[in-house]
Structure formats: C-alpha cells, structure tokens
Amino acid sequence: MITREEIANVLDQPVYDGDGNKIGDAKHVFFDDMTGRPEWVSVKTGMFGSAESFVPIRDAALVQDHLEVPYGKDQVKGAPSVDVDAGGHLSETEEHRLYDYYGINWDSVLSEAERTDDGRWAAGPGTAGTATAAGTAGAAGMAGTAGGTTGREDAMEREGMRGDEAMTRSEEQMHVGVERHESGRARLRKYVVTEEVQQTVPVTHEEVRVVREPITDANRGEAMAGPEIAEAEHEVTLHAERPVVETETVPVERVRMTTEELTENETVRGQVRKERIEAETESFTEDEMRRGDERRGRE
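Residues numbered from 1 in each chain as written. Predicted model: local features only at pLDDT ≥ 70, side-chain atom pairs only at ≥ 80, totals over all residues. Heavy atoms only, no water.

Moving on: the overall build of the chain. Counting secondary structure elements, the chain contains 7 helices and 8 strands. Burial analysis of the chain (299 residues in total) assigns 25% to the buried set. (Helix = DSSP H or I, 4+ residues; strand = E, 2+ residues; numbered from the N terminus. Buried < 20%, exposed > 50% of the residue type's maximum accessible area, 1.4 Å probe, protein only.)

Have a look at this one:
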C-alpha cells in the first residue's frame, strides 16, 4: 500500500500495469477524509494526456521510478468517468461506481474506513479528497454519523497541526506535440502515347522537255548519220524523289520525384481544469461564542 510519505514520489510519475504496459502518468492522489489513507490515483491517459482515469491505489506498489497497479491497461482506460466537485472530492456515489467497476467489495471498504490506524472506530466513511501535484491534502468530506468527528473538523485539525495557513492552487496545462504518420503515396508511371507530327521536306523529279538545235558544222556529222528519211523512237527514263519515313528512339530528359516539407499552422483545442480558491466566512452566534469563552476559561 502506498503511504502518505510516498505520495510525492508518485505524482507525475509513470503508471504501469502488471504486464509492464504503460497506462499514463499519475496526476492526483485522493485520500479518505476519515482515515487519511490514499484511496485513488488519477491517471492521465490518451494522446497528450487528454483523458483521466481513476485507479484504486490500495494494492498499488511503488517500483523504482514508477507506480505499478494490479489492473490491466485496457481496464483502467475503460473506467467510468466520474466528476470531482469544487472542493476536490469524489462523492460516495462516484466512489461506489468505481469500486463496482474494479470488483472491490463495498462493504469491506466501509469496514476499513470506519476503523482508524490505532484500532478505534471512526465516525463513519468520508468521501475521498484530493492531493495536488504539490502534495497538499484536499478539502475534507462531509460529516460522518452523529456524535462523531466531521471530515471538515478533521481537516481543520490537520491544518492546525501543520501550522500552514496557505493553500496550493493547481491547474492543468495543455502540452501539444506532433506525430508523424503516412498521409498518402506518390509514384512515377511511364506510358506510351502516339502523336501525329508533320514535317516539310523538299523532293525533286524529272520532266521531259523537247530541245531543238539548228544544224551547224559542229553537229552536221551526227545529223546526217542514218537513213535520209525514216521513222525513229528514242526513250528517256524519268526519275523522281519521294519522302521516306523512319523513326529512332533518343533520350530527351530525366524525370525523378522528390519531397519537400511545408509548414503550416493548425489550431488545437482542448479542455484543462483549474482550481479556484474562494474564501468562506462563518459567523458564530452569541451562545457559541459564550460557550467558547467558557471552554477557554476552563482550560
């Protein structure tokens, strides 16, 4: 069992289950108002500690630098949500719900709460008050059975014994971080398309043209060769150019993919709890003041 002296070593420390799985970090420790024993520890769970679960601390153990509880991680994270009042207390109904969830017998809890450390019977079970990260005990619970010492009077007596007239106010702070995850995939894919291209090239061809030359002394011999009058035929072969198309594959460019990081601002919203401290005054009647004076006179 965790003692009051060990609370400072528990707060803000990791909390693990029996299998070595981290559940979260210890945030607050709640004491029983009548016995003063630690009863519950609230554990910050979820991303960025956005959730808070209550775990019984009676069977927990402080192991080196962390707190170990005999409950599984999933069981703790699935514990019912309970409300803490402005005085930092769990109501009896909320405690009952938590004890039922963790399978703890409510009657045994009441029996332990009604008996003090020295074996005397206390006035009755009180509600659970909280200790902040600084280790200050929370406000006491409501009164027990008639004729007993009320939780409020117990708290006042403890305050008087400590001689501390100050109260520590705590608040939660939201810490936001980032995690890296896959947001998509990109790939390069090459495929073939056929396009129509057009190009103009010059081509040549031969055409027939009749050239007439007069008879001169230079060509008279060739002209007089052969019969004087006869039929004749002369054939000329014509030539022409035509386009010939062929293709070749040539590299034109290199393509690769790279990534670049862009930073943008994103607003994150969450809820944090803050403690408020209010002063309360209590007026005494004349009879109460007279009885107080008489009591001090006897002392």
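Anyway, onward from the coordinates.
It is worth spelling out the nonpolar core at this point. As a rule of thumb, nonpolar side chains are buried together in soluble globular proteins. Ranked by size, the top nonpolar core spans 29 residues in total, and within it Val29, Trp40, Val41, Val55, Leu67, Val69 and Tyr102 carry the most contacts. The element contributing the most residues to this core is strand 2 (residues 22-32), with 5 residues. The contact partners of Val69, leaving out residues within four places of it in the chain, are Val15, Tyr16, Asp17, Gly18, Ile23, Val55 and Ala60. (Core = buried A, V, L, I, M, F, W, Y, C linked by side-chain atoms within 4.5 Å. Contact = heavy atoms within 4.5 Å.)

Further remarks concern the pairing of strand 3 (residues 38-45). Among the 8 residues of strand 3, 8 are classified as buried, and the element is accordingly described as predominantly covered. Looking at chain direction, strand 2 and strand 3 are connected through 6 bridges and run antiparallel. Across the sheet, Phe30 pairs through a bridge with Trp40, a residue of strand 3. Bridge count between strand 3 and strand 4 (residues 51-56): 6 bridges; the pairing is antiparallel. Residue pairing across strands places Thr45 opposite Ala51, the latter belonging to strand 4. (Pairing = 2+ DSSP bridges.)

It is worth spelling out a nonpolar patch on the surface at this point. Together, Met174, Val176, Val268 and Val272 make up an exposed nonpolar region whose accessible area comes to about 310 Å². On the basis of relative accessible area, Val176 is assigned to the partly exposed category, the value being 48%. (Patch = residues over 30% accessible without salt bridge, like charges linked within 9 Å, V, L, I, M, F, W, Y side chains within 5 Å. Areas by Shrake-Rupley, 256 points an atom, 1.4 Å probe, with all protein chains shown as cover. Salt bridge = Lys/Arg side-chain N within 4 Å of Asp/Glu carboxyl O.)

Our focus in this paragraph is the pattern of salt bridges. Per the counting criterion, the structure on display carries 11 salt bridges. When the shortest N-O distance is used, the salt bridge between Arg58 and Glu39 registers 3.9 Å. Taken together, the residues Arg58 in the loop between strand 4 and strand 5 (61-63) and Glu39 in strand 3 connect sequence positions 19 residues apart. For Arg58, a relative accessible area of 13% translates into the label buried. Between Lys44 and Glu52 there is a salt bridge, with the nearest N and O atoms lying 3.8 Å from each other. Several salt bridges converge on common partners, so that one network encompasses Lys44, Glu52, Glu172 and Arg273.

Turning our attention to the packing of aromatic side chains. Evaluation of the coordinates by the stated rule reveals 5 aromatic pairs. On the numbers, 5.2 Å between centres and 50 degrees between planes, the contact of Phe30 with Phe54 is tilted. Remark: Phe54 occurs in strand 4 and Phe30 occurs in strand 2; sequence separation between them is 24 residues. Exposure class is identical for Phe30 and Phe54. Each is buried. With centroids separated by 6.5 Å and ring planes inclined at 45 degrees, the aromatic side chains of Trp40 and Tyr102 adopt a geometry described as tilted. Here the residue Trp40 occupies a position in strand 3, and Tyr102 occupies one in the loop between helix 3 (92-101) and helix 4 (106-113), the gap between them amounting to 62 residues. One exposure class covers both Trp40 and Tyr102, and it is buried. (Phe/Tyr/Trp six-rings, centres within 6.5 Å; stacked < 30°, edge-to-face > 60°.)

This next bit is on helix 3. Along an α-helix, residues three or four positions apart point the same way, because every turn accommodates 3.6 residues. Taken residue by residue, helix 3 has Glu94, Glu95, Leu98 and Tyr99 as its buried positions. Buried residues along helix 3 cover an arc of 135 degrees about the axis, so they all sit on one side. Of the exposed residues in helix 3, those oriented more than 90 degrees away from the buried face are Thr93 and Asp100. In the stretch just after helix 3, Gly103 is the one whose phi turns positive, near 70 degrees. (Arc of directions from axis to C-beta.)

So, about the confidence of the model for the chain. With 75% of its residues at a pLDDT of 70 or more, the chain shows a mean pLDDT of 77. No element of the chain has a lower mean pLDDT than helix 5 (residues 151-162), at 43, and none a higher one than strand 1 (residues 14-16), at 90. Contacts of residues 131-162 to residues separated by more than four positions or lying in other chains number 52 contacts, the stretch itself having pLDDT below 50. (pLDDT = per-residue confidence, 0-100.)

The backbone phi angle of Asp12 is positive, close to 65 degrees, even though this residue is not glycine. Following the sequence through the fold, Asp12 ends up in the loop between helix 1 (7-10) and strand 1. Even without a glycine there, the phi angle at Gln64 is positive, about 50 degrees.

Moving on to the environment of Asp83. Along the polypeptide, Asp83 turns up in the loop between helix 2 (73-77) and strand 7 (89-90). In sequence terms Asp83 and Glu94 are 11 residues apart; their C-alpha atoms lie 7.4 Å from each other. Those residues in contact with Asp83 that sit more than four places away from it in its chain are His89, Leu90 and Glu94.

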